[in-house]
Amino acid sequence: MTTRKLSFSHNEFYHVYNRGVDKRTIFQDAKDYERFVNLLYLTNSKNSIDLREIKRDEINVYEYERGDELVAIGAYCLMPNHFHLLLTPVIEGGVTKYMNKLCTSYSMYFNKKYLRSGTLFEGKFKAEWADTDQYLKYLYAYIHLNPVKLIQSDWKEQGIADFEKAYLYAKDYRFSSLAHYFGSARPEQVILNTSLFPEYFVTEASMQNELFEWLAFKPKVINLAKGGLL
């Protein structure tokens, strides 16, 4: 589903995602991941942000006064060739404005760094409306368990080979928002604005139980997500 088929509404929640053109790797090293995470915060603003000014003045990215948000972010995860976000708009047109700023800024950085030109992402960003409470809650597990594919690519089809290893890998994965739900104090936690999302996970145990439940599901059951998600 593309953005043309959705009307992003206030008080509604959306799983937004995209991947590299031809499934190419879009994060080739830790610096690439870090740049995208920085942009998750900086581009979420009604204002235009000059990264050169931030770098020149040696401003901490996550202390920068960026102004009013375009969207609220409830979860995110970056994978080598794609990314996932859970968003709700704060202003009219906020999702589209945010995604355009985010993807354009990162594409410019990536193309300059790797001496390439042309499209980086596979067309317009994709989005799914979380139209039920059950589906919205499921998305937190779906997004945060994506890194398990890096250590067992077929876990959704074959089941988890090493339950503890998979759980700890997802929990410790650096480029997702899961650490926030386990109480870890990280500078990038300001990316999230969970106040506009349902309070499904008010304790660390509630998030842990949700992840355990999905990791323990029988093969293929976890693929109930709509639209053939990544």
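Above: the structure in question.
Here's a quick rundown of the structure. (Residues numbered from 1 in each chain as written. Predicted model: local features only at pLDDT ≥ 70, side-chain atom pairs only at ≥ 80, totals over all residues. Heavy atoms only, no water.)

1. Describing the packing of aromatic side chains
This is how the line gets drawn: In summary, the pairing rule links any two rings of Phe, Tyr or Trp, Trp by its six-membered ring, whose centres are within 6.5 Å, and it sorts them by plane angle into stacked for under 30 degrees, edge-to-face for over 60 and tilted for everything else. Each helix is a run of DSSP H or I of at least 4 residues and each strand a run of E of at least 2, with the numbering of both proceeding from the N terminus. For a ring to carry a charge above it, either NZ of a lysine or CZ of an arginine must fall within 6 Å of the ring centroid while also lying within 35 degrees of the normal to the ring plane.
All chains considered together, the criterion is met by 27 aromatic pairs. With centroids separated by 5.0 Å and ring planes inclined at 40 degrees, the aromatic side chains of Phe36 and Phe83 adopt a geometry described as tilted. A residue pair is termed long-range when its members are at least 10 positions apart, and Phe36 in helix α1 (residues 30-42) and Phe83 in strand β3 (residues 82-89) qualify at 47 residues. Every member of this aromatic cluster is reached through a ring pair, and the members are Phe27, Tyr33, Phe36, Phe83, Tyr106, Tyr109, Phe110, Tyr114, Phe121, Tyr169, Tyr173 and Phe175. When the ring centre of Phe182 is taken as reference, the NZ or CZ atom of Lys171 above it lies at 4.9 Å.

2. Section: helix α3 (residues 94-113)
Along an α-helix, residues three or four apart share an orientation, since each turn contains 3.6 residues. Just so we agree on the cut-off: One less than the residue count of a helix, multiplied by 1.5 Å, gives the span that helix is expected to have. The buried label goes to any residue with under 20% of its type's maximum accessible area, the exposed label to any with over 50%, and the partly exposed label to all in between, with areas taken from a 1.4 Å probe on protein chains only.
Its 20 residues give α3 an end-to-end C-alpha distance of 28 Å, which sits within 8% of 28 Å, the value for a rise of 1.5 Å per residue. Along α3, the positions that sit buried rather than exposed are Gly94, Val95, Tyr98, Met99, Leu102, Cys103, Tyr106, Ser107, Tyr109, Phe110 and Asn111. Leu115 sits one or two positions beyond α3 and adopts a positive phi of about 50 degrees.

3. Let's talk about the environment of Leu150
Tracing the backbone through its elements, the reader meets Leu150 in the loop between α4 (133-144) and α5 (155-158). Between the alpha carbons of Leu150 and Ala166 there is a distance of 9.7 Å; along the sequence they are 16 residues apart.

4. Some points on the pattern of salt bridges
Here is the rule we go by: Only one rule defines a salt bridge in this text: a Lys or Arg side-chain nitrogen within 4 Å of an Asp or Glu carboxyl oxygen.
Within this structure, the stated rule accounts for 9 salt bridges. Two residues, Arg174 and Glu34, come together in a salt bridge whose shortest N-O distance is 2.4 Å. In this pair, Arg174 sits in the loop between α6 (163-172) and α7 (178-181) while Glu34 sits in helix α1, placing the two residues 140 residues apart along the sequence. According to the relative accessible area criterion, Glu34 is partly exposed, its value standing at 24%. Through salt bridges with shared partners, one network takes in Asp29, Asp32 and Lys113.

5. Some words on the packing of α1 against α3
To be explicit about the condition: Every angle, taken between N-to-C directions, lies between 0 and 180 degrees, and every axis is a line fitted to C-alpha atoms, over only the stretch in contact when it is a helix. Orientation is classified from the angle alone, with under 35 degrees giving roughly parallel, over 145 giving roughly antiparallel, 65 to 115 giving roughly perpendicular, and any other angle giving oblique. Should the near helix be turned anticlockwise from the far one by less than a right angle, the crossing is termed left-handed; should it be turned clockwise, right-handed. Note on contacts: a residue pair is in contact if any heavy atoms of the two residues lie within 4.5 Å. Classification convention: Asp, Glu, Lys, Arg as charged; Ala, Val, Leu, Ile, Met, Phe, Trp, Tyr, Cys, Pro as nonpolar; all other residues, Gly among them, as polar.
The interhelical angle for the contact between α1 and α3, taken along N-to-C directions, is 155 degrees, at an axis separation of 10 Å. Considered as vectors, α1 and α3 are oriented roughly antiparallel to each other. By crossing handedness, the relation of α1 to α3 is classed as right-handed. For the pair formed by α1 and α3, the contact residues are Lys31, Asp32, Arg35, Phe36, Leu39 and Leu40 on the first element and Tyr98, Leu102, Ser105, Tyr106, Tyr109, Phe110 and Lys113 on the second. Here the contact of α1 with α3 is composed, by residue class, of 8 nonpolar, 1 polar and 4 charged.

What is shown is where atoms sit, not what they do.
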